[in-house]
Number of protein chains: 2
Amino acid sequence: MLEGKVEVMSLRHAVLGLLADRPASGYDLMKLFDTSLANVWAATQSQVYGELGKLSDAGLVTVTAEGPRGRKEYAITEAGEAELRQWLTGTPPTPARRSDSLLRVFFLGRLTRLEAVTYLESEASRAAARRSALQELEGAVDWDEGPLSVYGRIVLEYGMRQSVMHEEWARWAAEQVGSADTP
Amino acid sequence: MLEGKVEVMSLRHAVLGLLADRPASGYDLMKLFDTSLANVWAATQSQVYGELGKLSDAGLVTVTAEGPRGRKEYAITEAGEAELRQWLTGTPPTPARRSDSLLRVFFLGRLTRLEAVTYLESEASRAAARRSALQELEGAVDWDEGPLSVYGRIVLEYGMRQSVMHEEWARWAAEQVGSADTP
DNA sequence: CGTTGACGTGTCAATGTTGGAAGGTAAAGT
DNA sequence: ACTTTACCTTCCAACATTGACACGTCAACG
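Definitions and cut-offs
In this numbering scheme, every chain counts its residues from 1 along its sequence in written order. By the order in which they are written, chains take letters starting at A while ligands take numbers starting at 1. Side-chain atom pairs in this predicted model are given and counted only at pLDDT of 80 or more, local residue features only at pLDDT of at least 70, and totals for whole chains, interfaces and linings cover all residues. Excluding hydrogens and water, the side-chain values take into account all heavy atoms of the structure. Secondary structure follows DSSP: runs of H or I at least 4 residues long count as helices, runs of E at least 2 residues long count as strands, and numbering of each begins at the N terminus. A helix is expected to span 1.5 Å for every residue after the first. When accessible area is computed with a 1.4 Å probe and restricted to protein chains, residues below 20% of their type maximum are described as buried, those above 50% as exposed, and intermediate ones as partly exposed. The criterion used for residue contact is that any of the two residues' heavy atoms lie within 4.5 Å. Grouping buried Ala, Val, Leu, Ile, Met, Phe, Trp, Tyr and Cys residues that are joined through side-chain atoms within 4.5 Å yields what is termed a nonpolar core. Here a pair means two rings of Phe, Tyr or Trp (six-membered ring of Trp) with centres within 6.5 Å. Their orientation is stacked below 30 degrees between planes, edge-to-face above 60, and tilted elsewhere. Criterion for a charge above a ring: Lys NZ or Arg CZ within 6 Å of the ring centre, and within 35 degrees of the ring normal. An automatic or database domain assignment provides the domain bounds reported here. By buried area we mean the combined loss of accessible area, with a 1.4 Å probe, across both parts when two parts are placed together. Take a side-chain nitrogen of Lys or Arg and a carboxyl oxygen of Asp or Glu: if they are within 4 Å of each other, that pair is a salt bridge. For this purpose, a residue is taken to be near a molecule or strand whenever a single non-hydrogen atom of the residue falls within 4 Å of it. In protein, a polar contact requires one atom able to donate a hydrogen and another able to accept it; more generally it is a pair of N or O atoms within 3.5 Å, and residues adjacent in sequence count only if both atoms are side-chain atoms. Under the scheme applied, nonpolar residues are Ala, Val, Leu, Ile, Met, Phe, Trp, Tyr, Cys and Pro; charged residues are Asp, Glu, Lys and Arg; polar residues are all the others, including Gly.

Turning to helix α1 (residues 10-21) of chain B, a few remarks are in order. The end-to-end C-alpha distance of α1(B) is 17 Å, a good match for the 16 Å that twelve residues give at a rise of 1.5 Å each. Here α1(B) lies mainly inside the structure; eleven of its twelve residues are buried. Residues of α1(B) that are buried include every one of S10(B), L11(B), R12(B), H13(B), A14(B), V15(B), L16(B), G17(B), L18(B), L19(B) and A20(B), and no others. Close packing links the buried residues of α1(B) with α5 (100-106) of chain A together with α2 (26-34), α3 (45-57), β1 (61-66), β2 (72-76) and α4 (78-90) of chain B.

Here is a general trend for soluble globular proteins: nonpolar side chains tend to be buried in one another's company. If you look at the biggest cluster of nonpolar residues, it comprises 96 residues, and the most contacted ones within it are F33(A) and F33(B). Ignoring sequence-local partners within four residues, the contact set of F33(A) consists of L11(A), A14(A), V15(A), L18(A), A38(A), W41(A), A43(A) and V48(A).

Turning next to the packing of aromatic side chains. Summed over the entire model, instances satisfying the criterion amount to four aromatic pairs over all chains. With 4.9 Å between their ring centres and 80° between their planes, Y158(A) and W169(B) make a pair best called edge-to-face. With one member in each of two chains, Y158(A) in helix α7 (residues 146-178) and W169(B) in helix α7 (residues 146-178) form a pair that bridges those chains. Here Y158(A) matches W169(B) in class, with each residue buried. The ring of W172(B) carries the charged tip of R161(A) above its face, separated from the ring centre by 5.1 Å.

All right, on to the domain arrangement of chain A then. Residue and element names in this part refer to chain A. Domain annotation of chain A identifies domain 1 (10-90) and domain 2 (100-178). Of the residues lining the interface, four residues belong to domain 1; the matching set on domain 2 comes to six residues. Here domain 1 meets domain 2 over a buried area of about 370 Å², counting both sides, of which 60% is carbon and sulfur. Of all residues in domain 1, D21, N39 and V40 bury the most surface against domain 2, accounting for 78% of the area lost on that side. At the boundary of domain 1 and domain 2, one finds zero salt bridges.

Taken together, the neighbourhood of DNA strand C is formed by 21 residues, with Y27(A), Y49(A), K72(A), M9(B) and S46(B) sitting nearest. Near-protein atoms of DNA strand C (within 4 Å) split between backbone and bases, with sugar and phosphate holding 66%. One of the side-chain N or O atoms of R71(A) is found 3.4 Å from a phosphate oxygen in DNA strand C. Secondary-structure elements contributing two or more residues to the surface near DNA strand C are α2 (26-34) and α3 (45-57) of chain A together with α3 of chain B. With four residues, the single largest contributor to the surface near DNA strand C is α3(B). Split into classes, the residues belonging to the surface near DNA strand C amount to four nonpolar, nine polar and eight charged.

You can see E157(B) is positioned in helix α7. With sequence-adjacent residues up to four places away left out, E157(B) is seen in contact with W169(A) and W172(A).

For the rest of this paragraph, the subject is the protein's contact with DNA strand D. Taken together, 21 residues surround DNA strand D, and among them M9(A), S46(A), Y27(B), Y49(B) and K72(B) come closest. Backbone atoms, meaning sugar and phosphate, form 63% of the atoms of DNA strand D found within 4 Å of the protein. Residue Y27(B) places a main-chain N or O atom 2.7 Å away from a phosphate oxygen belonging to DNA strand D. R71(B) is positioned such that a nitrogen or oxygen atom in its side chain is 3.0 Å from a phosphate oxygen of DNA strand D. At the level of secondary structure, the elements contributing two or more residues to the surface near DNA strand D comprise α3 of chain A together with α2 and α3 of chain B. Looking at the surface near DNA strand D, the element that brings in the most residues is α3(A), giving four residues.

On to the interface of chain B and chain A, then. In this assembly, 62 residues from chain B lie in contact with 62 residues from chain A. Between the two partners, chain B and chain A, sit four salt bridges. Note that E115(B) and R85(A) form a salt bridge whose closest N and O atoms lie 2.6 Å from each other. Within the residue set of the side of chain B that touches chain A, elements represented by two or more residues are α1, α4, α5 (100-106), α6 (113-140) and α7 of chain B.

Here it is in structure tokens:
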């Protein structure tokens, strides 16, 4: 019995999505991964170049120009657009299944109460710092260009709400732990 | 120049953390991964048994009993406890670097406005459903036993706040998209 | 002219992860 | 007695991911 694979392969779709906006080289894409997508989907150089090769083999992208230093500019094909749409509309998102931070919290009972409170408070600080960083980013970006900017801003808003929530939760948790009955 | 590796290896610490509470077999651990840790850290059978082997080789756990069907019960050793503590107190948590959901949102500009709104509203529904599930879980668990329960509840609270935030954000985003100037 | 820095692509080994198959034992129900 | 269900471990191929390393070019500067 043959079954079609139910792969997620989001790296593939991240590359397709970026190329759907405009053609780019692997180098260009890396810059986008390190800036626009930094808080959404991380990728390394090896992955990006590797994925471009695979996408090219699969006919989802093509080389549209070759520049000075062996630069290859890729563009999405119709098949690629179709794949991207299919992913966006037809594939259910997979919820995050792992969290380093929460795993630690789960085991905080192995530490003394003071240590646990300290940990939770540093979580709160990290969340606050993250929020500042995002706010700074918001000021630094030109929000009036490209189709990515509309949704980019919505994604940024998520990050900000997330960090606010995270900080409040961590402070609440620290209080819970600090003021319990049994030491 | 030799440098110590800066590995995260949270699966290892998830296993250690569970064994720190009480000894267990690989099978027992799997059940815990599928229940207590389901929303925090997913692991497959292969991983758990493989990790137990490595931990055993490294002296962080030992076999304390052998039961009926080749069952091996593992317990954490002092070295294991030390490693767990070190991870909890001395290793900075690594923030989540990837989100399937957010990546989609980032590329929602490839769809029509209606499709985008539909997507965002289904995100809201999913978040609401998740919240219900967590609330049900809260009712089903005995919160008065073991050192895990205190922090387990705190982790659960995180999940609930997270899903509330997620739902509100998705509804807000749908509204933003639905009521913009340019169609 | 020589150096530096940004541009640009490609490959590799080690490790993590997935999903399943294979192989077997004990207990409980019929 | 028989069968189902739960228990329990081990192995593996395929794929994803990381973090380097290797190679080479163009432009600008002093």
